[in-house]
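Read off the chains here:
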Amino acid sequence: MLINCFSLLFLSAGCEEHNQKQILPEWEVTLPTGSSPSVFYDGIPNLPTYNDIIVAHTTIFDGGFRNEDNRLCAIDIVKKEVVWYYPHNISDRSYYFFNSKGYTYGDKLVFQCQKDIRDSESSQYHSTVCLDIKTGITVCEHEGKSGYNSGINKPVAGIGPKCYFVMDSCTIGLINMENNTFSTFYDTDSLQINDLYANDEYLLASCSIRASHFNYNTYALVIQRSTGSKVLLSKINTGQILPHCIINNGVIFCLAGTYIAAIDIKSGRTIWERDDPFSDYTQDTYVYNNTLVKCGGDATTGYQTTDGEISYSLKSYGSWYASAHGPYLYVVNRQQDLDIISIETGSIISQIQCKYHDDGELFFGSYPTVFGEYIYIMSNRHLFRYPTYPW
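What counts and how
Residues numbered from 1 in each chain as written. Predicted model: local features only at pLDDT ≥ 70, side-chain atom pairs only at ≥ 80, totals over all residues. Heavy atoms only, no water. Buried < 20%, exposed > 50% of the residue type's maximum accessible area, 1.4 Å probe, protein only. Helix = DSSP H or I, 4+ residues; strand = E, 2+ residues; numbered from the N terminus. Pairing = 2+ DSSP bridges. Axes fitted to C-alpha atoms, helices over the stretch in contact; angles between N-to-C directions. Core = buried A, V, L, I, M, F, W, Y, C linked by side-chain atoms within 4.5 Å. Contact = heavy atoms within 4.5 Å. Phe/Tyr/Trp six-rings, centres within 6.5 Å; stacked < 30°, edge-to-face > 60°. Polar contact = N/O pair within 3.5 Å; in protein donor to acceptor, adjacent residues only side chain to side chain.

**Q** Residues and numbers for the pairing of strand 30 (residues 328-333), please.
**A** Burial analysis of strand 30 places six of its six residues in the buried class, which makes it a mostly covered element. Here strand 30 shows no split at all, with Tyr328, Tyr330 and Val332 on one side and Leu329, Val331 and Asn333 on the other all buried. Both strand 29 (residues 319-325) and strand 30 contribute to a ladder of six bridges, which runs antiparallel. The partner of alanine 322 across the bridge, within strand 30, is valine 331. As consecutive antiparallel partners, strand 29 and strand 30 are separated by two residues, and within that stretch glycine 326 has a phi angle of approximately 60 degrees, a positive value. With five bridges connecting them, strand 30 and strand 31 (residues 338-342) associate as antiparallel partners. The partner of tyrosine 330 across the bridge, within strand 31, is isoleucine 340.

**Q** Could you give me a rundown of the sheet that holds strand 19 (residues 216-224), with the residues and numbers involved?
**A** Taken in spatial order, the four strands of this open sheet run 17-18-19-20, and their pairing is antiparallel. Of all the strands in the sheet, just strand 17 (192-198) and strand 20 (230-235) have a single pairing partner and so form its edges. Across the sheet, the mean angle from the axis of one strand to that of its neighbour is 20 degrees, orientation sign disregarded. As paired strands, strand 18 (residues 202-210) and strand 19 are joined by nine bridges and run antiparallel to one another. Bridging across to strand 19, serine 208 finds its partner in threonine 218.

**Q** Can you tell me about the nonpolar core, naming the residues and giving the values?
**A** One finds Leu329 and Phe363 to be the most contacted residues of the largest nonpolar core, which totals 28 residues. Looking at this core, the elements that each hand over two or more residues are strand 26 (291-296), strand 28 (310-315), strand 29, strand 30, strand 31, strand 32 (348-352), strand 34 (374-378) and strand 35 (382-387). If one sorts the elements of this core by residue count, strand 30 sits on top with five residues. Beyond its immediate chain neighbours, meaning those up to four positions away, leucine 329 contacts Tyr286, Val293, Cys295, Thr300, Ala322, Ser323, Ala324, Asp339, Ile340, Ile341 and Ile343. Ranked by size, the runner-up nonpolar core spans 17 residues in total, among them Phe185, Ile193, Leu203 and Ile223.

**Q** How would you sum up the packing of aromatic side chains? Please name residues and give values.
**A** Summed over the entire model, instances satisfying the criterion amount to 13 aromatic pairs. Look at tyrosine 356 and phenylalanine 384: their rings are 6.2 Å apart centre to centre, the planes differ by 35 degrees, and that puts the pair in the tilted class. Placement of the pair is tyrosine 356 in the loop between strand 32 and strand 33 (369-371) and phenylalanine 384 in strand 35, with a sequence separation of 28 residues. Looking at phenylalanine 384, the relative accessible area reads 0%, which means it is buried. Taking 6.3 Å as the distance between ring centres and 50 degrees as the angle between the ring planes, the aromatic pair formed by phenylalanine 371 and tyrosine 376 counts as tilted.

**Q** Help me get a handle on the side chain of histidine 57, residues and values and all.
**A** Note that histidine 57 resides in strand 5 (residues 53-61). We classify histidine 57 as buried; its relative accessible area is 0%. Only 3.3 Å separates the side chain of histidine 57 from the backbone oxygen of glycine 365, close enough to count as a polar contact.

**Q** Describe in detail the pairing of strand 20, supporting the description with residues and values.
**A** Of the pairings in the sheet, the one linking strand 19 to strand 20 comprises five bridges and is antiparallel in character. For alanine 220, the partnering residue across the bridge sits in strand 20 and is serine 234. Between strand 19 and strand 20, which pair antiparallel one after the other, the connecting turn spans five residues, and glycine 228 there sits at a positive phi close to 75 degrees.

**Q** So what about the environment of isoleucine 343? Which residues, and what values?
**A** Residue position: isoleucine 343 is located in the loop between strand 31 and strand 32. Here isoleucine 343 falls in the buried class, since its relative accessible area comes to 0%. Sequence separation between isoleucine 343 and tyrosine 288 is 55 residues; the distance between their C-alpha atoms is 6.8 Å. Apart from the residues lying within four places of it in its own chain, the contact partners of isoleucine 343 are Tyr288, Thr291, Val293, Tyr312, Ala324, Gly326, Pro327, Tyr328 and Leu329.

Shown next as structure tokens:
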């Protein structure tokens, strides 16, 4: 059933209800960015955490295209000071590009990055790194193929000690974070992997292969985690590249540009599908109870998981980064303020503006990250901490 979106009444749900009072952070740290402070896109945007450590990132520009120094910095949230950098030698410029969310298990952190070694014959290669998050010391590392730098964020997805990653365009790798070993988990043959999602039973890969200059054949690939065997390969009814898939209650939700579909994981049957031209470019996707929320470049939209009907749509409301915690969605909106939204109703409950907004400083470079009773979020010069429920 393809739903015609033009027959729907779009809502600007709850926009008038939100709390517009200025909410100040209860804690902040100035990021160590030198004389030309700025945060660029390249980083681990979900701010991995462990005990009293939170991992942010920083960039120092020195003029010219790609002429910047990128590195991770771990901050002790009690002492409010940097405890380690990666790469460690801060006297040498780092041309690394960190381009995946991080996954933590115990005191270990896995992420992917592109290394640009200017004095090497093979100047670019991607690497999957496992660090001791307490010290920043490399525990193990897998170096990928030279030149694998497609620009798509390289995904990692983990459950317990097992972390899955894109080994190269068509191969899924596995890190056992208990014994620090790498192995090949699954080869898609010719399908390029765009995203990974893991739950207790399955690993879900969003895949595509170019069909023509402007069109792709796109697939949702479901793999049994315990055996590494294929459960389902479902072709998606769109020519758009498939950047996101998630699983909830035995249903795969596939989001590709303006297209969205729900597929039964056992039978491969399409339960519902729709195309919404008002909502392009899926940035993040979450499910809470019976609501699927799509955070896109043009709109934030809530759908009923059972039939795909729209519950609300915040039109012309794009997001930079969004994360979910319980019934709430934490969104860095187009104005680069932080909005807290009810996933089920779309009501904007509270809005936080960066403390230094009047000086041109905005929230940028990280997902709002809930850790304990607090939200952590970066601006282009600071790391801030707010109460989880500031209203």
